[in-house]
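Coordinate inspection notes
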Amino acid sequence: MDLSVVVPIYNEAQNLEALHQELHEALAPTGLEYEAVFVDDGSRDDSFKILKRLAAEEPRDVVVALRKNFGQTAAMSAGFDHAQGKVVVTMDGDLQNDPRDIPKLVGKLAEGYDIAAGWRFDRKDHFITRRLPSKLANGLISKITKVKLHDYGCTLKAFRADVIQNVRLYGELHRFIPAIASLMGVSIAEVKVNHRARTAGKSKYGLGRTPRVLLDLITVKFLLSYSTRPIQIFGLWGLLSFAAGFLLALYYTFLKFIFFEPLWGKPGLLLAVLLMFIGVQLISIGLLGEMQVRTYHETQDKPIYAVRQVINYTPPAEGD
Ligand code: UDP
Ligand code: MG
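Notes on the structure follow. (Residues numbered from 1 in each chain as written. Chains lettered and ligands numbered in written order. Predicted model: local features only at pLDDT ≥ 70, side-chain atom pairs only at ≥ 80, totals over all residues. Heavy atoms only, no water.)

As for the pattern of salt bridges
Selection rule: We count a salt bridge whenever a side-chain nitrogen from Lys or Arg sits within 4 Å of a carboxyl oxygen from Asp or Glu. Secondary structure follows DSSP: runs of H or I at least 4 residues long count as helices, runs of E at least 2 residues long count as strands, and numbering of each begins at the N terminus. Partly exposed residues are those whose accessible area sits between 20% and 50% of the maximum for their type, while under 20% is buried and over 50% is exposed, using a 1.4 Å probe and protein chains only.
Considering all chains together, one arrives at 20 salt bridges under this definition. The shortest N-O distance in the salt bridge between glutamate 22 and arginine 196 comes to 2.9 Å. Note that glutamate 22 is positioned in helix H1 (residues 13–27) and arginine 196 in the loop between strand E7 (188–192) and helix H8 (209–226), a separation of 174 residues in sequence. According to the relative accessible area criterion, arginine 196 is buried, its value standing at 18%. Glutamate 58 is paired through a salt bridge with arginine 60; the nearest N and O atoms lie 3.0 Å apart. Among the residues examined, glutamate 58 registers a relative accessible area of 13% and is labelled buried. Its relative accessible area of 32% is what places arginine 60 among the partly exposed residues.

Set out below in structure tokens:
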């Protein structure tokens, strides 16, 4: 199987027929061996019925129905688990992404990139509620994650299967897949893609998404920078804080016992105690983090590195 197209679907009944048709019209002429994995994310309208009917006539349609609405990230994750293609493409099910862009993205991967990300350079969404916040978010995300993309929110992206199968998603992390994958060291290309206004059905998001994206960004930053060495980060700040507090306390000790100055009326003493206290706490958090890191990597057999290729290596036989 060359290609799997994963499409999360939540209450998109009016869009499915057209989506199905456009998708196959765009992919059939490419000669690729492909499948379309539609994940019904607990839709409350007729989406599942329609998907089932379409799939009855089209063996290349795979339908995964979730028991309830788990959210777009979870739906995409379910799609990845059922995708069998060497390349996995994700796209929205509301026709805002254009399936005719898929061959372009797949072509980028053929050039050797691990990820090809769509960029909706001419985005057809409301300016105040969608494009402006997204512009700010994109700037912030690219500063913090150091993965430079213009448009993280564009669902239309292509991944090499081995990359996507190694990414575990939680929360609303789907927009951060390239950033999370960059942990493994991946090459990312950006491709300008077509974007269309939503003509049927309703958008599932509004401004309320902003704080969630910010919180996810904190998580991603942490995963990217410190996840295998928490004591280095927490411990460093802990040491600094403790040292500052300790020096301050030392100063007051001298005042009291060498120069016999009374300590009352000196708020700095409180600061000294606070700094030492925070220092100890940060170091403890770092140590707890170190334990967590070990549990995290060892329970999942997750190495702290990612291998691209091995040459001339034969694994030792069992019992050696
Ligand atoms: N979606 C989903 N589960 C959800 C919310 C959305 O599967 O809980 C799907 C939705 O059906 C669509 C895609 O995710 O295919 C993007 O959603 P939407 O178009 O509402 O987002 P927007 O384009 O407005 O950012
Ligand atoms: Mg949309």
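Here the narrative resumes.
So, the site of ligand 1
Note the threshold: Here a residue is near a molecule or strand as soon as one of its heavy atoms is found within 4 Å of it. Here a polar contact is recorded for every N or O atom pair within 3.5 Å, except that within protein the pair must consist of a potential hydrogen donor and a potential acceptor, and residues adjacent in sequence are included only if both atoms are side-chain atoms. Accessible surface area values rest on a Shrake-Rupley calculation with a 1.4 Å probe, where residue burial reflects the displayed protein chains alone. Polar here means any residue outside two lists: the nonpolar Ala, Val, Leu, Ile, Met, Phe, Trp, Tyr, Cys and Pro, and the charged Asp, Glu, Lys and Arg; Gly therefore counts as polar.
Around ligand 1, the structure places 18 residues, and the nearest of them are Glu12, Asp41, Asp94, Arg130 and Ser203. Between aspartate 94 and ligand 1, the recorded distance is 2.5 Å, taken from a side-chain N or O atom to an oxygen atom. Within the side chain of arginine 209, one N or O atom sits 3.3 Å away from an oxygen atom of ligand 1. In isolation ligand 1 exposes 530 Å². Once the protein is present, 95% of that is buried. Of the residues contributing to the shell around ligand 1, the split by class is four nonpolar, six polar and eight charged.

Details of the packing of aromatic side chains
Cut-off, in case you're wondering: Pairing of aromatic side chains here covers Phe, Tyr and the six-membered ring of Trp, requires ring centres within 6.5 Å, and sorts the geometry by plane angle: under 30 degrees stacked, over 60 edge-to-face, intermediate tilted. Here, a charge over a ring means that NZ of Lys or CZ of Arg falls within 6 Å of the ring centre while also lying within 35 degrees of the ring normal.
All chains considered together, the criterion is met by four aromatic pairs. Here the aromatic rings of phenylalanine 222 and tyrosine 226 are separated by 5.8 Å at their centres, their planes lie at 65°, and the arrangement is edge-to-face. Note that phenylalanine 222 and tyrosine 226 are positioned in helix H8 at a spacing of four residues, about one turn of the helix. Residue classification places phenylalanine 222 among the partly exposed positions, given a relative accessible area of 31%. Centroid distance phenylalanine 242 to phenylalanine 246: 6.2 Å. Interplanar angle 15°. Geometry classified as stacked. Pair noted here: phenylalanine 242 and phenylalanine 246 are both in helix H9 (residues 230–257), with a separation of four residues, about one helical turn. Looking at phenylalanine 246, the relative accessible area reads 41%, which means it is partly exposed. Through a chain of ring-to-ring contacts, three or more aromatic side chains come together here, namely Phe222, Tyr226 and Phe234. Sitting over the ring of phenylalanine 70, lysine 68 keeps its end group 4.6 Å from the ring centre. The cationic tip of arginine 209 hangs over the ring face of tyrosine 205; the distance from NZ or CZ to the ring centre is 4.2 Å.

Notes on the environment of leucine 23
We apply this condition: Whether two residues are in contact is decided by their heavy atoms, any of which lying within 4.5 Å being enough.
The residue leucine 23 is located in helix H1 in this model. On the basis of relative accessible area, leucine 23 is assigned to the buried category, the value being 0%. The spacing of leucine 23 and glycine 112 is 89 residues in sequence and 24 Å in space, taken between C-alpha atoms. Residue contacts for leucine 23: discarding those within four places in its chain leaves Val5, Ala36, Phe38, Met91, Pro99 and Ile102.

Side note on the coordination of the magnesium ion (ligand 2)
The following threshold applies: In this description, a donor is an N, O or S atom within 2.8 Å of the metal centre, a cutoff extended to 3.2 Å for sodium, potassium and calcium. Water is not part of the atom list, which can make sites seem incomplete.
Distances from the magnesium ion (ligand 2) to its protein donors, Asp94 (OD) and Gln96 (OE1), fall at 1.9 to 2.0 Å. Across the pair, glutamine 96 and aspartate 94 agree in class, each one buried.

What about the nonpolar core?
Quick note on the threshold: By nonpolar core is meant a set of buried Ala, Val, Leu, Ile, Met, Phe, Trp, Tyr and Cys residues that side-chain atoms within 4.5 Å join together.
Residues Val39, Phe80, Val88, Leu169, Phe176, Ile177 and Ile180 are the most contacted members of the largest nonpolar core, which totals 33 residues. Excluding anything up to four places from it in sequence, isoleucine 180 contacts Val167, Leu169, Leu173 and Val220. Of all hydrophobic cores here, the second largest spans 29 residues; its members include Val5, Leu23, Ile50 and Val191.

Section: the pairing of strand E5 (residues 115–119)
Using the following cut-off: Strand pairing is assigned whenever DSSP detects at least two bridges linking the two strands.
Within E5, four of the five residues are buried, which leaves the element mostly enclosed by the surrounding structure. As paired elements, E5 and strand E6 (residues 157–160) share three bridges and run antiparallel to each other. Looking at E6, one finds that alanine 116 is bridged to alanine 158. Pairing geometry for E5 and E7, over five bridges, is parallel. Residue pairing in the sheet places alanine 116 in a bridge with alanine 189 of E7.

Some words on the side chain of histidine 24
With respect to the element layout, histidine 24 can be found in helix H1. Residue classification places histidine 24 among the buried positions, given a relative accessible area of 10%. At 2.8 Å, the side chain of histidine 24 and the side chain of aspartate 61 are in polar contact. Non-local contacts of histidine 24, meaning those with residues more than four positions away in its chain, are made with Pro29, Tyr34, Glu58, Arg60 and Asp61.

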